[in-house]
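Residue-level listing of the chains:
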Amino acid sequence: MESSLRLRTFSQEEYLEIERKAKYKSEYIEGQIYAMAGASPGHAAINMAVAGLLWMQLRGKPCTVYSNDLKVKISYAGEYYYPDLTIVCGTPLFHDEHKDVLVNPKVIVEVLSPSTEADDRGRKWLRYQQIESLTDYLLVSQSEPFIEHYSRRSDEGWHYELCAGLTGELQIASLDCQLQAADVYEKVSFAA
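The notes below deal with the structure included here. Keep in mind it's a predicted model, so treat the numbers as computed, not measured.

Conventions used here
Residues numbered from 1 in each chain as written. Predicted model: local features only at pLDDT ≥ 70, side-chain atom pairs only at ≥ 80, totals over all residues. Heavy atoms only, no water. Helix = DSSP H or I, 4+ residues; strand = E, 2+ residues; numbered from the N terminus. Polar contact = N/O pair within 3.5 Å; in protein donor to acceptor, adjacent residues only side chain to side chain. Contact = heavy atoms within 4.5 Å. Buried < 20%, exposed > 50% of the residue type's maximum accessible area, 1.4 Å probe, protein only. Arc of directions from axis to C-beta. Pairing = 2+ DSSP bridges. Axes fitted to C-alpha atoms, helices over the stretch in contact; angles between N-to-C directions. Disulfide = S-S within 2.5 Å.

Let us now look at the side chain of E79. Relative to the helices and strands, E79 is located in strand β5 (residues 79–81). A distance of 2.9 Å separates polar atoms of two side chains, one belonging to E79 and the other to R127. With residues near it in sequence (within four places) discarded, E79 still touches Y28, I29, E30, V72, K73, I74, R123 and R127.

Shown next as structure tokens:
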């Protein structure tokens, strides 16, 4: 006899109601709610380094760097994610009056963790590409000094660039900013 486990499916409205009352963050994917794990010290240090480096370069410009406490909605799929960093240039647009769900990110940064790397490269990346305002997607490794950069080219789709090693530099033309790998990984120790 075959048995199947049926998971309860939540509507977007149910998810937002639950999430806004929750003590811990969860993402919403295909009607399911997934709790988010805490970050490692390396992950947290890299995330703060990238945020600080970009924030300093964007001072005085019409761009805002948001932490991983702000959700991003993938409109066509009706999914909600918490990117590690999100940057908006111009006026931020929100899903509703609660102003806790962003719909117009320009840049999304994900710091790769062993438990999330496949999703950050797979499902999330496929979903993020559908956001019209998105011009750049950065994947920052915490296991070695690698920063991957996808930038949208108007007629050519997405361009890929790899910044490898501690002497590398990454240009983010849409923001007129750059990241030096040595600065991103300054306080990070890599396993032997």
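Bringing the environment of K21 into the picture now. For K21, the location among the structural elements is in helix α1 (residues 12–21). In this structure K21 comes out as exposed when scored by relative accessible area, which is 64%. C-alpha of K21 to C-alpha of L166: the two residues are 145 residues apart in sequence and 42 Å apart in space.

It is worth spelling out α1 at this point. Residues of α1 that are buried include every one of Y15, L16 and E19, and no others. Viewed along the axis of α1, the buried residues span an arc of 95°, placing them on a single side of the element. Exposed side of α1, more than 90 degrees from the buried face: E13 and K21 are the residues found there. The inward-facing, buried residues of α1 abut β1 (26–29), β2 (32–35), β4 (71–74), β5 and β7 (101–102).

Within a sheet, neighbouring strands are paired by backbone hydrogen bonds and run either parallel or antiparallel to one another. Spatial strand order, β3-β6-β8-β9-β10-β11: 6 strands in an open sheet with mixed pairing. Single-partner strands in this sheet number two, and they are β3 (63–66) and β11 (157–164). Strand after strand, the sheet turns through a mean of 15° between neighbouring axes, direction not considered.

Further remarks concern the environment of T91. Relative to the helices and strands, T91 is located in the loop between β6 (85–89) and β7. The spatial distance from the C-alpha of T91 to the C-alpha of A182 is 32 Å, given a sequence separation of 91 residues.

Okay, the pairing of β11 next. Taken together, the 8 bridges between strand β10 (residues 146–153) and β11 define a ladder with antiparallel strand orientation. Paired with I147 across the bridge in β11 is C163. Between the end of β10 and the start of β11, which pair antiparallel, lie 3 residues.

Turning our attention to the state of the cysteines. Per the stated rule, a full pass over the model turns up 1 disulfide. For C63, the disulfide goes to C89, at an S-S distance of 2.0 Å. Note on the C63 and C89 pair: the S-S dihedral is about 105°, so by sign convention the disulfide is right-handed. Placement of C63 in strand β3 and of C89 in strand β6 is noted, with a sequence separation of 26 residues between them. Since its relative accessible area comes to 17%, C63 is described here as buried. With no disulfide of its own, C163 lies 15 Å from the sulfur of C177, the closest cysteine sulfur. You can call C163 buried: its relative accessible area is 3%. In this structure C177 is not part of a disulfide, and its nearest cysteine sulfur, from C63, lies 7.5 Å away. Residue classification places C177 among the buried residues on the basis of a relative accessible area of 1%.

What follows is about the environment of D69. Of note, D69 is situated in the loop between β3 and β4. The exposure class assigned to D69 is exposed, which follows from its relative accessible area of 54%. In this structure, the C-alpha to C-alpha distance between D69 and D155, residues 86 residues apart in sequence, is 33 Å. Sequence-distant contacts of D69, defined by excluding residues within four places in its chain, comprise K25 and Y82. There is a polar contact of 3.4 Å between the side chain of D69 and the side chain of K25.

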